[in-house]
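Structural features, examined
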Amino acid sequence: MLVRQYSEQMYWQVRRMVLVHEDANDILQNVFMKVWSNIDNFRNASKLSTWLFRIATNESLDFIRKKKTRALDNAETLADHHVADMLASDKYFDGDYTQALLYEAITKLPEVQRTVFNLRYFEELKYSEISEILHTSEGALKASYHIAVKKISDYLKRRD
């Protein structure tokens, strides 16, 4: 029931963070396995969706950190990849090149700003909900979001 109700929403949350369809699917499987094995630990202190977003966000961030570590070990960086070109050629990506550039700009953000931007812009979560997910004050989240928007805007203007 949880998978049916939340899998698409969680998939897109994860996909916006990791960009690659196959990676998002793998992470989503991990998310629902964690949910299944920890459902008894859910304490109705927050909404179920908030708890799921927290797990999905943490799994995505863990994946990104591991990927960065591997990239550094291989003397590669995310900046060396042309994310927009990669997405445009991905058969699972259904956006246009402008949307791919937006995702590329998002990948340039620091981890916290990227996460806050994704949750606020794409998922349209309230700052109070994001605060529960990330365990951060609403004021800090608002600042992170506005800085992220400015950086994305500047990046897109430079690419224009």
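Bear in mind the structure is a predicted one, so any value in this text is a computation, not a measurement. (Residues numbered from 1 in each chain as written. Predicted model: local features only at pLDDT ≥ 70, side-chain atom pairs only at ≥ 80, totals over all residues. Heavy atoms only, no water.)

Some remarks on helix α6 (residues 111–122)
Here α6 spans 16 Å end to end across 12 residues, near enough to the 16 Å set by a 1.5 Å rise per residue. Among the residues of α6, Gln113, Arg114, Thr115, Val116, Phe117, Asn118, Leu119 and Phe122 are the ones counted as buried. Following α6 by one or two positions, Glu124 has its phi on the positive side, about 55°. (Helix = DSSP H or I, 4+ residues; strand = E, 2+ residues; numbered from the N terminus. Expected span 1.5 Å × (residues − 1). Buried < 20%, exposed > 50% of the residue type's maximum accessible area, 1.4 Å probe, protein only.)

Brief notes about the packing of helix α1 (residues 2–18) against helix α2 (residues 21–38)
Running from amino to carboxyl end, α1 crosses α2 at an angle of 135°, the nearest separation of the two axes being 9 Å. In this view, α1 runs oblique relative to α2, as classed from their interaxial angle. Every pair of crossing elements has a handedness; the one defined by α1 and α2 is right-handed. For the pair α1 and α2, contact is made by Leu2, Val3, Tyr6, Ser7, Met10, Tyr11, Val14, Arg15 and Val18 and by His21, Asp23, Ala24, Asn25, Ile27, Leu28, Phe32 and Val35, respectively. Within the contact of α1 with α2, the residues separate by chemical class into 12 nonpolar, 3 polar and 2 charged. (Axes fitted to C-alpha atoms, helices over the stretch in contact; angles between N-to-C directions. Parallel < 35°, antiparallel > 145°, perpendicular 65-115°, else oblique. Left-handed = near helix turned anticlockwise from the far one by under 90°. Contact = heavy atoms within 4.5 Å. Nonpolar A, V, L, I, M, F, W, Y, C, P; charged D, E, K, R; others polar.)

Some remarks on the confidence of the model for the chain
Looking at the chain as a whole, its pLDDT mean stands at 85, while 84% of the residues score no less than 70. The lowest-confidence element of the chain is helix α4 (residues 83–88), averaging 61 in pLDDT; the highest-confidence one is helix α8 (residues 138–159), averaging 95. Note that pLDDT drops below 50 for residues 73–80; the model gives that stretch 7 contacts with residues more than four away or on any other chain. (pLDDT = per-residue confidence, 0-100.)

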